[in-house]
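Survey of secondary and tertiary structure
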Amino acid sequence: MYNSKIAAFEKYVPDNIVTNDDLSKVVDTSDEWISTRTGIKQRRISKCENTAELCFNSAKRLLDKTGLSPLDIDMIITATITSDYMTPSVACIVQGRLGAENAVCFDLSAACSGFVYALSTADKFIKSGACRNVIVIGGETLSKILDWNDRATCVLFGDGAGSALVTLSDEKMILAEDLHSDGVKFESLSAGYVPVKNPFYNEKFDENSFYMQMNGREIFNFAVKKVPESILAVSGKVNVSLSEVKYIVPHQANSRIVESIAKKLKISMDKFYLNLDKFGNTSAASIPIALCEMEEKGLIKKDDKIIITGFGGGLTWGSMLFKM
Ligand code: COA
């Protein structure tokens, strides 16, 4: 049996910083409303880079940091809901630009849980003996699927990419995972509807269904119920108590959601790493961007136990417990 470990993180975000005050010139909102309801202060909004460009830059930095050759990479998985094209995948575009010609490449669609799902997938390919080095990327250009007239959604999201190198390991470092989906509730959070349109049929559809549609209250309640259960499930599977876990890195959607999760679990907010004030909700990119920032700040040390937990469209949710 082979084991895998997460060897390094990187990130790449667009330069363009959009503050809450900037947004109040676009829609009827205020810094006060956005800050108090969500904790978000600013986000990055792409001016020219699409998802593959953000993901390529993050993956390139990862190779530069680790010193691996592009030819050492066996697989690239991109978690995204905002790919440049329906085909090719973002992962294939990244592969071509990196020159990672030995890599098998595909995208994975699990919205804001995408990075956790993709890490789990990489872990399985390494455990089976099929791969040694996998690049896992979470990357989004959510700004292109937002209705910029809808103040209830456009203030919440941002653009960016984060990546991780998952490699073969002597020791078991990915300790446990807990993944779930609930398609019955798919309409609570949706985007990018493409109607059936051909010479034989022309579907009637709501023009707004291309843009992010969200029942905010329902998503809030879903996250506050399911995420604590998932955190307890993942730690319970390997008998690791939450006091032994150095950090919980949640999907960066809303600080009030995280406060409710902390309260339910009766643990301090200090255990949760948050950077949503700077980047907003970047969907699949939010967890790897946070992990990269933590690595840059020297917050993650060897042997630290970390839980990551994602939740979002699908509905999907899931957690992973790993050792650095
Ligand atoms: N600025 C100012 N006012 C706004 C606003 C904005 N950006 N967006 C909505 N409002 C208004 C509404 O129109 C409403 O006004 P009304 O009372 O006059 O009708 C009022 O604020 C309350 O709206 P509501 O939607 O009930 O607010 P809320 O307390 O539920 O907060 C969210 C909204 C989106 C912040 C909250 O539901 C949430 O965080 N949900 C989870 C969303 C999420 O994280 N999604 C991604 C998960 S992956």
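In this text, all values refer to a predicted model and were calculated from it rather than measured experimentally.

Another aspect to go through is the overall build of the protein. Secondary structure summary: the protein contains 10 helices and 15 strands in total. In terms of overall size, the protein behaves like a compact globule, its C-alpha atoms giving a radius of gyration of 19 Å where 324 residues would be expected to give roughly 20 Å. The principal-axis extents of the C-alpha atoms in the protein amount to approximately 55 × 50 × 40 Å. In the protein, buried positions account for 56% of the 324 residues. Once local pairs closer than 6 in sequence are excluded, the contacts in the protein between residues at least 24 apart make up 77%. Accessible surface, the protein: about 14100 Å² in total, of which carbon and sulfur atoms supply 51%. Taken as two groups, the 37 positive and 40 negative side-chain charges of the protein have centres that lie 5 Å from each other.

What follows covers helix H3 (residues 51–66). Over its 16 residues, H3 runs 23 Å from end to end, which matches the ideal 22 Å to within 8%, given 1.5 Å per residue. Within H3, the full set of buried residues consists of Thr51, Ala52, Leu54, Cys55, Phe56, Asn57, Ser58, Ala59, Leu62 and Leu63. On its buried face, H3 is in contact with strand E1 (3–12), strand E4 (75–79), helix H4 (90–98), strand E6 (133–141) and strand E7 (159–169). Backbone geometry just downstream of H3 places Gly67 in the positive-phi region, at approximately 75 degrees.

The strand order E1-E7-E6-E4-E5 describes an open sheet built from 5 strands, whose pairing is mixed. Strands at the two margins of the open sheet, each flanked by one partner only, are E1 and strand E5 (104–108). Pairwise comparison of adjacent strand axes, ignoring direction, gives a mean angle of 20 degrees for this sheet. Direction of pairing for E4 relative to E5: parallel, over a ladder of 5 bridges. In the sheet register, Ala79 faces E5, and the bridge partner there is Leu108. Each of E1, E4, E6 and E7 is contacted by H3, which is oriented at about 120 degrees to E1, the strand it contacts most. Set on the sheet, helix H10 (residues 286–296) makes contact with E1, E6 and E7; between it and E1 the angle comes to about 90 degrees.

The next thing to look at is a nonpolar patch on the surface. A contiguous nonpolar patch, built from Val196, Phe200 and Tyr201 and spanning about 380 Å² of accessible area, is present on the exposed surface. Owing to a relative accessible area of 48%, Tyr201 belongs among the partly exposed residues under this scheme.

Further remarks concern the domain arrangement of the protein. Per the domain assignment, the segments making up the protein are domain 1 (3–170) and domain 2 (175–323). The C-alpha centroid of domain 2 is placed 14 Å from the C-alpha centroid of domain 1. Each partner contributes to the interface: domain 1 provides 49 residues, whereas domain 2 provides 46 residues. Carbon and sulfur atoms supply 66% of the area buried between domain 1 and domain 2, which totals about 3700 Å² over both sides. Considering only the side of domain 1, the residues that lose the most area to domain 2 are Phe9, Cys112 and Val116, jointly responsible for 18% of the buried surface there. In this assembly, domain 1 and domain 2 are joined by 3 salt bridges. Here domain 1 is connected to domain 2 by 21 residue pairs in polar contact (both at pLDDT 80 or more). Secondary structure elements with two or more residues in the side of domain 1 that touches domain 2: E1, helix H2 (31–38), strand E3 (42–44), helix H5 (114–127), E6, helix H6 (151–154) and E7. Top element by residues in the side of domain 1 that touches domain 2 is H5. It accounts for 7 residues. By residue class, the composition of the side of domain 1 that touches domain 2 is 22 nonpolar, 14 polar and 13 charged.

On to the site of the ligand. In the vicinity of the ligand, 22 residues are found, and the nearest of them are Thr29, Arg37, Arg151, Gly216 and Asn254. Here a nitrogen atom of the ligand sits 2.7 Å away from a polar atom, N or O, in the side chain of Thr29. Separating a nitrogen atom of the ligand from a backbone N or O atom of Arg151 is a distance of 2.9 Å. Of the residues forming the shell around the ligand, the biggest block, 4 residues, is contributed by helix H7 (residues 216–237). Within the shell around the ligand, the residues separate by chemical class into 10 nonpolar, 7 polar and 5 charged. Taken domain by domain, the shell around the ligand gets at least three of its residues from each of domain 1 (3–170) and domain 2 (175–323).

This part takes up the pairing of E1. Counting buried residues in E1 gives 8 out of 10 residues, a clear majority hidden from the surface. Pairing between E1 and E7: 9 bridges, direction antiparallel. In the sheet register, Tyr12 faces E7, and the bridge partner there is Ala161.

This paragraph deals with the packing of H3 against H4. In the contact formed by H3 and H4, the axes pass within 9 Å of each other and the chain directions differ by 50 degrees. One finds that H3 runs oblique with respect to H4. In the packing of H3 onto H4, the handedness of the crossing is right-handed. Listed contacts from H4 to Thr51, Ala52, Glu53, Cys55, Phe56, Ala59, Lys60 and Leu63 of H3 are Val90, Ile93, Val94, Arg97 and Leu98. For the contact of H3 with H4, the residue count by class is 9 nonpolar, 1 polar and 3 charged.

Definitions and limits used
- Within each chain, residues carry numbers counting from 1 in the order of the written sequence.
- Local features in this predicted model are restricted to residues whose pLDDT is 70 or higher, and side-chain atom pairs enter the listing and the counts only when it is 80 or higher, whereas totals over whole chains, interfaces and linings include all residues.
- In computing side-chain properties, one takes all heavy atoms of the structure into account and sets aside hydrogens as well as water.
- Runs of E in the DSSP output that reach at least two residues are strands. Runs of H or I that reach at least four are helices, and both are numbered from the N terminus.
- The atom set for the radius of gyration is the C-alpha atoms, and the globule formula is 2.2 Å times the number of residues raised to the power 0.38.
- Burial classes: relative accessible area under 20% of the type maximum marks a residue as buried, over 50% as exposed, and values in between as partly exposed (1.4 Å probe, protein chains only).
- By definition, residues are in contact when any of their heavy atoms lie within 4.5 Å.
- Only the protein chains shown count as cover for residues, with accessible areas throughout obtained via the Shrake-Rupley method and a probe of 1.4 Å.
- Counted as positive: Lys and Arg. Counted as negative: Asp and Glu. His and the chain ends are not counted at all.
- Taken as the charge centre is NZ of Lys, CZ of Arg, CG of Asp or CD of Glu, depending on the residue.
- In a helix, the anticipated span is given by 1.5 Å times the number of residues less one.
- DSSP calls a pair of strands paired once it identifies at least 2 bridges connecting them.
- Only the stretch in contact is used when a helix axis is fitted, and all axes are lines through C-alpha atoms; the angle between N-to-C directions ranges over 0 to 180 degrees.
- Nonpolar side chains (Val, Leu, Ile, Met, Phe, Trp, Tyr) within 5 Å and like charges within 9 Å form the patches, drawn only from residues with over 30% relative accessible area and no salt bridge.
- Each salt bridge in this description consists of a side-chain nitrogen of Lys or Arg and a carboxyl oxygen of Asp or Glu lying within 4 Å of one another.
- As used throughout, domain bounds are those supplied by an automatic or database domain assignment.
- A 1.4 Å probe defines the accessible area here, and the buried area is the portion of it lost by two parts on being joined, summed over both.
- Any pair of N or O atoms that falls within 3.5 Å is considered a polar contact. Within protein, one atom must be able to donate a hydrogen and the other to accept it, and sequence-neighbouring residues count only if both atoms are side-chain atoms.
- Charged means Asp, Glu, Lys or Arg here, nonpolar means Ala, Val, Leu, Ile, Met, Phe, Trp, Tyr, Cys or Pro, and polar covers whatever is left, Gly included.
- Throughout this document, a residue counts as near a molecule or strand when at least one of its heavy atoms sits within 4 Å of that molecule or strand.
- When an angle is under 35 degrees it counts as roughly parallel; over 145 it counts as roughly antiparallel; between 65 and 115 it counts as roughly perpendicular; any other value is oblique.
- Helix crossings are classified by the rotation of the near helix relative to the far one: an anticlockwise turn of less than a right angle makes the crossing left-handed, while a clockwise turn makes it right-handed.

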